[in-house]
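What the coordinates show
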Amino acid sequence: MDEASASWLAGLDEPQGITHLGNGKVRFSQSAYSYLRNVPPHMDVHIDSHDRICLSEGSYQLTRS
């Protein structure tokens, strides 16, 4: 994702556990991932059933590391 989106995600108050790794990459802790999987889809950010992080400007496929 773009750097601005990665920085925005890492700066969220809730959930904790999102780390901006640089170069548009972020890491989610298990608790952050679970939190974002269970928010209503109309929220500004959520993880959908296809493991995509959905933001207002688009979605990005998540990969496990």
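This text goes with the structure placed above it.
Reading the values: the criteria
Residues numbered from 1 in each chain as written. Predicted model: local features only at pLDDT ≥ 70, side-chain atom pairs only at ≥ 80, totals over all residues. Heavy atoms only, no water. Helix = DSSP H or I, 4+ residues; strand = E, 2+ residues; numbered from the N terminus. Rg over C-alpha atoms; globule rule 2.2 N^0.38 Å. Buried < 20%, exposed > 50% of the residue type's maximum accessible area, 1.4 Å probe, protein only. Contact = heavy atoms within 4.5 Å. Areas by Shrake-Rupley, 256 points an atom, 1.4 Å probe, with all protein chains shown as cover. Lys, Arg positive; Asp, Glu negative; His and termini not counted. Charge placed at Lys NZ, Arg CZ, Asp CG, Glu CD. Core = buried A, V, L, I, M, F, W, Y, C linked by side-chain atoms within 4.5 Å.

1. Details of the overall build of the protein
A tally of helices and strands in the protein yields two helices and five strands. When the helices and strands of the protein are listed from N to C terminus, the series reads α-β-β-α-β-β-β. Taking 2.2 N^0.38 as the reference for a compact globule, 65 residues should give roughly 11 Å; the C-alpha atoms of the protein span a radius of gyration of 11 Å, in line with that estimate. The principal-axis extents of the C-alpha atoms in the protein amount to approximately 25 × 25 × 25 Å. Across the 65 residues that make up the protein, the buried fraction comes to 28%. Long-range contacts, defined as pairs at least 24 residues apart, comprise 19% of the intrachain contacts of the protein with a sequence gap of at least 6. Total accessible area on the protein stands at roughly 4400 Å², and carbon and sulfur atoms take up 48% of it. Treating the 5 positive side-chain charges of the protein as one cloud and the 8 negative ones as another, the clouds have centres 12 Å apart.

2. With respect to the nonpolar core
One finds Leu-9, Ile-18, Phe-28, Ala-32, Tyr-33, Leu-36, Val-45, Ile-47, Ile-53 and Leu-55 forming the largest nonpolar core, which totals 10 residues. Broken down by secondary-structure element, the contributors of at least two residues to this core are α2 (30-37) and β4 (52-55). The dominant element in this core, judged by the number of residues it contributes, is α2, at three residues. Leu-55 has contacts with Met-1, Ser-5, Trp-8, Leu-9, Asp-44, Val-45 and Tyr-60, leaving out every residue within four places of it along the chain.

3. Considerations on unusual backbone geometry
Pro-15 follows Glu-14 through a cis peptide bond whose omega is 0°. Tracing the backbone through its elements, the reader meets Pro-15 in the loop between α1 (3-10) and β1 (18-22). Located in the positive-phi region is Asn-23, a residue other than glycine, with phi close to 55°. Along the polypeptide, Asn-23 turns up in the loop between β1 and β2 (25-28). For Asn-23, a relative accessible area of 74% translates into the label exposed. Look at Asp-51: it is not a glycine, yet its phi comes out positive at around 60°.

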